[in-house]
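Structural description and commentary
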Amino acid sequence: MITSREVKLEEIEKEAKYYYNNGYRFVTETCLEEESKFRIIYTFEKGYQLYSFHVYISPTEEVPSISKIYFAALPVENEIHEMFGVKFKNLVLDFQGLLFLGEYAPISPQASIEIMRRSKGDKNE
Amino acid sequence: MIRMSEKSTIPFGPQHPVLPEPIHLKLIIEDEKVVEAYPAFGFVHRGLEMLVKKKDFNQMVYVVDHICGICSAMHGQAYCQAVEELIGIDVPERAKYLRVIWAELHRIHSHLLWFGLLADAFGFENLFMLSWRIREKIMDILEATAGNRVIISVNVVGGVRRDIDSEQARWLLDELKEVEKSIKELDKIMRNNYTIKQRTVGIGVLTKEEAYMLGTVGPVLRGSGVPIDMRTTGYAAYKDLDFEPIVEKDGDTYARTIVRVREMFQSIDLVRQAISKIPEGELNVKIKPNLPAGEAISRVEQPRGEVFYYIKSNGGKYLDRLRIRTPTFANLASLLHMLPGSTLADVPVLVLTIDPCISCTER
Amino acid sequence: MGLKEFIEKSFKKSPWVLHYNCSSCNGCDIEILACMTPLYDMERFGMVNVGNPKHADILVVTGTVNTKNKEVLKNIYDQMPDPKVVVAVGVCAATGGVFREAYNVLGGIDKVIPVDVYVPGCPAKPEAIIDGLYKAAEILKEKYEKMGKAEEVLK
Ligand code: SF4
């Protein structure tokens, strides 16, 4: 069973910094779709113990990326952007939704709410 | 003449001889040095996490077994443990021990496979053949005990499907003795060979702090001196077995190689311990056809590191969400960290040093 | 032996194999690699594993086609010189197998390129793979002879 506490959207970076400065390892972010909202769970680890917090966002909101703080969050956030269409601000390296899916793949395939359109153009950078 | 800084872009993959799996890297090269590296994946992406909507939770065991052919038993184990935690049942002791035995056999064969590929990456084909020949013995054991060579699908929710009887266990131990002898030889080659040292010592160094904060897992992390091994949390039968995480200090490719070779001996030892301690009893327990609502997490140490399963159910036969964070996905950040600054010739070795499993990563 | 006969003979006796992993689970790939190692030793049939599509006569494909790699697969197939034979290894390559219903999977590789030999199994056993490759070598021989006849007619 996991325990996680809810934080506000603006507090994500502050929380992540707190975890970083206190020597927690980044484990992963998990995105869930709950009643036309997205819930993103951030999970950290220290001494085999997991610590999590989560945010609820509406599909149009932008989430501040923590990839500047935890570099390991980069592929995870790109994946969530790609699979669910959630937008992230200030990603260190933005794959623009082409990390896993090709140009002909379904768009945000893991979400039933469609919020993203793929802009044609640059392939992978 | 004005010397311009010559930057050129070299694509690496997707189809290339070093790795059997397609990974694509776009390398920006300046004077033989890599300055930037951009990975591009997606050649193996299938979208397995979404199959939970179409297959019920029992059928999903078979699907997660096919995430990756190398550590399939551990994927099944991690998934089953998560579902078992969600339902709140306890697996019979014998099943726990059997899970350990098969998981450790998988670890040995995976490390041997990796060792061969590494040798092949720097052109030591002889060693590649040697380690794959040793690996065939493990494949024989798997085939004899579980019925298939690569994907054995022994786990079910609530236990395991097959048994290893005492006669088979005796034969297994005999085979393992020979495997151990051959791995000792491999160990000797690895510690004394000039070529291997030239190509691995000091390549791809990660300091202890870097490895820790980049969220790396498995032998990459332990090769940098951080003793984190999920098995010490005591899932399955590991709580009754005696072992220590294997750690090396140097943090380069050579240290990781040593970690993996030492882990093979450790795995052999664990199989022996498990066989000597295995209790009699049932193989699996009956489960109800419907799941309770809730969430569960399970973490299992795979050959490449820790795998993280998150499941969520709203009740009913089908899970609502399955999220898998595979070890290679966690190690990607460290690969992207190591590549800039290396020479072009070292790129295959660097890619292999994290033991990438692309079909895990992309699912 | 003239040059033509020499080429003909070596062509029949020693086909070169190219392996491409579409989106397989690795299970079939490691079995193909196992075929090259001492225990199974594919090379005793003269088959050599190569990395360049332009050198290859037989294309061995594992795994299903997804939306991204279908172009790559087609590309590799087009680059191979005629005559060429395609072997689909594993149920994934034949029909899509376990992954058939996943959203990013199109199905078997015969949706993209023509396939000559199907090797069933999940994963296919090394013995089965070797058998499939041997069949492929025979088909290659036939195709080669047909091509020769066509050339003579055209002359
Ligand atoms: S046929 Fe089976 S073993 Fe082979 S790639 Fe497909 S799922 Fe993996």
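See the structure printed just above.
Residues numbered from 1 in each chain as written. Chains lettered and ligands numbered in written order. Predicted model: local features only at pLDDT ≥ 70, side-chain atom pairs only at ≥ 80, totals over all residues. Heavy atoms only, no water.

What follows covers the overall build of chain C. Summing up its helical and strand segments, chain C has five helices and seven strands in all. What you see in chain C, going N to C, is helices and strands ordered as α-β-α-β-β-β-α-β-α-β-β-α. Since a compact globule built from 155 residues should have a radius of gyration of about 15 Å, the 16 Å found for chain C is in line with a globular shape. For the C-alpha atoms alone, the extent of chain C along its principal axes is close to 55 × 40 × 20 Å. Across the 155 residues of chain C, 54% fall into the buried class. Contacts spanning at least 24 positions in sequence make up 81% of the contacts within chain C whose residues lie at least 6 apart. Carbon and sulfur atoms provide 56% of the accessible area of chain C, an area that totals close to 6900 Å². Computed over 19 positive and 20 negative side-chain charges, the inter-centroid distance for chain C is 3 Å. (Helix = DSSP H or I, 4+ residues; strand = E, 2+ residues; numbered from the N terminus. Rg over C-alpha atoms; globule rule 2.2 N^0.38 Å. Buried < 20%, exposed > 50% of the residue type's maximum accessible area, 1.4 Å probe, protein only. Contact = heavy atoms within 4.5 Å. Areas by Shrake-Rupley, 256 points an atom, 1.4 Å probe, with all protein chains shown as cover. Lys, Arg positive; Asp, Glu negative; His and termini not counted. Charge placed at Lys NZ, Arg CZ, Asp CG, Glu CD.)

The secondary structure content of chain A amounts to two helices and six strands. Listed N to C, the secondary structure of chain A is β-α-β-β-β-β-α-β in terms of helices and strands. For chain A, the proportion of its 125 residues judged to be buried stands at 57%. Of the contacts formed within chain A by residues at least 6 apart in sequence, a portion of 50% connects residues at least 24 apart. About 5600 Å² of surface is accessible on chain A, with carbon and sulfur atoms providing 47% of the total.

Moving on, we get to the site of the ligand. Taken together, 13 residues surround the ligand, and among them His66 of chain B together with Cys25, Cys28, Cys92 and Cys122 of chain C come closest. What surrounds the ligand is not a single chain but chains B and C. The cavity where the ligand resides is the second largest cavity. Among the secondary structure elements, those contributing two or more residues to the shell around the ligand are helix H2 (27-36) and helix H4 (90-95) of chain C. Element by element, the count of residues in the shell around the ligand is highest for H4 of chain C, at three residues. A per-class count over the shell around the ligand returns eight nonpolar, five polar and no charged. (Near = heavy atom within 4 Å. 1 Å grid on protein atoms, 1.4 Å probe; cavity = no way out; pocket = protein on both sides within 12 Å on 5 of 7 lines; lining within 4 Å. Sits in = over half its atoms within 2 Å of the grid points. Nonpolar A, V, L, I, M, F, W, Y, C, P; charged D, E, K, R; others polar.)

With that out of the way, let us pick up the packing of aromatic side chains. Considering all chains together, one arrives at 13 aromatic pairs over all chains under this definition. Ring centres 5.0 Å apart and planes at 15 degrees place the aromatic pair Tyr42 of chain A and Phe53 of chain A in the stacked group. In this pair, Tyr42 of chain A sits in strand E3 (residues 37-46) while Phe53 of chain A sits in strand E4 (residues 49-57), placing the two residues eleven residues apart along the sequence. The buried category is assigned to Phe53 of chain A, whose relative accessible area is 0%. Look at Phe128 of chain B and Trp132 of chain B: their rings are 5.5 Å apart centre to centre, the planes differ by 55 degrees, and that puts the pair in the tilted class. (Phe/Tyr/Trp six-rings, centres within 6.5 Å; stacked < 30°, edge-to-face > 60°.)

Counting residues at the interface gives 38 residues for chain C and 42 residues for chain B. Here chain C and chain B share an interface that buries about 3300 Å² over both sides, 63% of which is from carbon and sulfur atoms. Its largest share of buried area at the contact with chain B, chain C owes to Ile30, Val98 and Glu101 of chain C, together 17% of the area lost on that side. For the interface between chain C and chain B, the tally reads two salt bridges. Notably, a salt bridge pairs Arg149 of chain B with Glu31 of chain C, separated by 2.8 Å at the nearest N-O pair. Within the residue set of the side of chain C that touches chain B, elements represented by two or more residues are strand E1 (16-21), H2 and helix H3 (69-79) of chain C. The element that contributes the greatest number of residues to the side of chain C that touches chain B is H2 of chain C, accounting for seven residues. (Buried area = accessible area lost by both parts, 1.4 Å probe. Salt bridge = Lys/Arg side-chain N within 4 Å of Asp/Glu carboxyl O.)

A word on the packing of helix H2 (residues 72-87) of chain B against helix H3 (residues 93-121) of chain B. Each pair of packed helices can be described by the angle between their axes along with the distance between the axes. Residue and element names in this part refer to chain B. Where H2 contacts H3, the axes come no closer than 8 Å and their chain directions differ by 145 degrees. H3 is crossed by H2, and the crossing has left-handed handedness. In contact with Ser72, Ala73, Met74, Gln77, Cys80, Gln81 and Glu84 of H2, H3 contributes Arg99, Ala103, His106 and Arg107. Tallied by class, the residues present in the contact of H2 with H3 amount to four nonpolar, four polar and three charged. (Axes fitted to C-alpha atoms, helices over the stretch in contact; angles between N-to-C directions. Left-handed = near helix turned anticlockwise from the far one by under 90°.)

Every α-helix winds through 3.6 residues per turn, so residues three or four apart in the chain are directed the same way. The terminal C-alpha atoms of H3 of chain B lie 42 Å apart, and with 29 residues this matches the ideal 42 Å at 1.5 Å per residue to within 8%. Taken from the residues just after H3 of chain B, Gly123 of chain B is the one with a positive phi, measuring 85 degrees. (Expected span 1.5 Å × (residues − 1).)

So, about the sheet that holds E4 of chain A. Residues and elements named next belong to chain A. The strand order across the open sheet built from four strands is E1-E4-E3-E2, with neighbouring strands paired in mixed fashion. Of all strands in the sheet, those with a lone pairing partner are strand E1 (4-6) and strand E2 (25-34), marking the two edges. Shown here is a sheet whose adjacent strand axes are inclined to one another by a mean of 25 degrees, direction ignored. With nine bridges connecting them, E2 and E3 associate as antiparallel partners. Along E3, the bridge assignment pairs Glu33 with Phe38. Strands E1, E3 and E4 of the sheet are contacted by helix H1 (residues 12-21), whose axis makes an angle of about 170 degrees with E4. Against the sheet, helix H2 (residues 73-84) touches E2 and E3, its axis set at about 10 degrees to E2. (Pairing = 2+ DSSP bridges.)

This brings us to the sheet that holds strand E6 (residues 291-302) of chain B. All names here are of chain B. Taken together, the three strands give an open sheet; going across it, the order is E6-E7-E8, and neighbouring strands pair in antiparallel fashion. Each edge of the open sheet carries a strand with a single partner, namely E6 and strand E8 (321-325). Direction aside, neighbouring strands of the sheet carry axes that sit 5 degrees apart on average. Bridge analysis of E6 against strand E7 (residues 305-316) gives eleven bridges, and the strand direction is antiparallel.

Bringing a nonpolar patch on the surface into the picture now. There is a patch of nonpolar side chains on the surface, built from Leu3, Phe6 and Ile7 of chain C and spanning about 320 Å² of accessible area. Counting through the fold element by element, Leu3 of chain C comes out in helix H1 (residues 3-13). (Patch = residues over 30% accessible without salt bridge, like charges linked within 9 Å, V, L, I, M, F, W, Y side chains within 5 Å.)

So, on to empty space enclosed by the protein. Residue and element names in this part refer to chain C. A full pass over the atoms with the stated rule returns seven cavities of 30 Å³ or more. Roughly 100 Å³ of volume is contained in the second largest cavity. As for the second largest cavity, its lining consists of 15 residues, and the residues nearest its centre are Cys25, Cys28, Cys92, Cys122 and Pro123. The set of elements that each furnish at least two residues to the lining of the second largest cavity consists of H2 and H4. Among the elements that make up the lining of the second largest cavity, the one with the highest residue count is H4 (three residues). (Points joined across faces, edges and corners; volume = space filled by probe spheres on them.)

Structurally, the position occupied by Arg256 of chain B is in helix H9 (residues 253-277). Every residue in contact with Arg256 of chain B, bar those within four places of it in the chain, is listed here: Gly204, Val205, Leu206, Pro219, Val220, Gly223, Gly251, Met338 and Thr353 of chain B.

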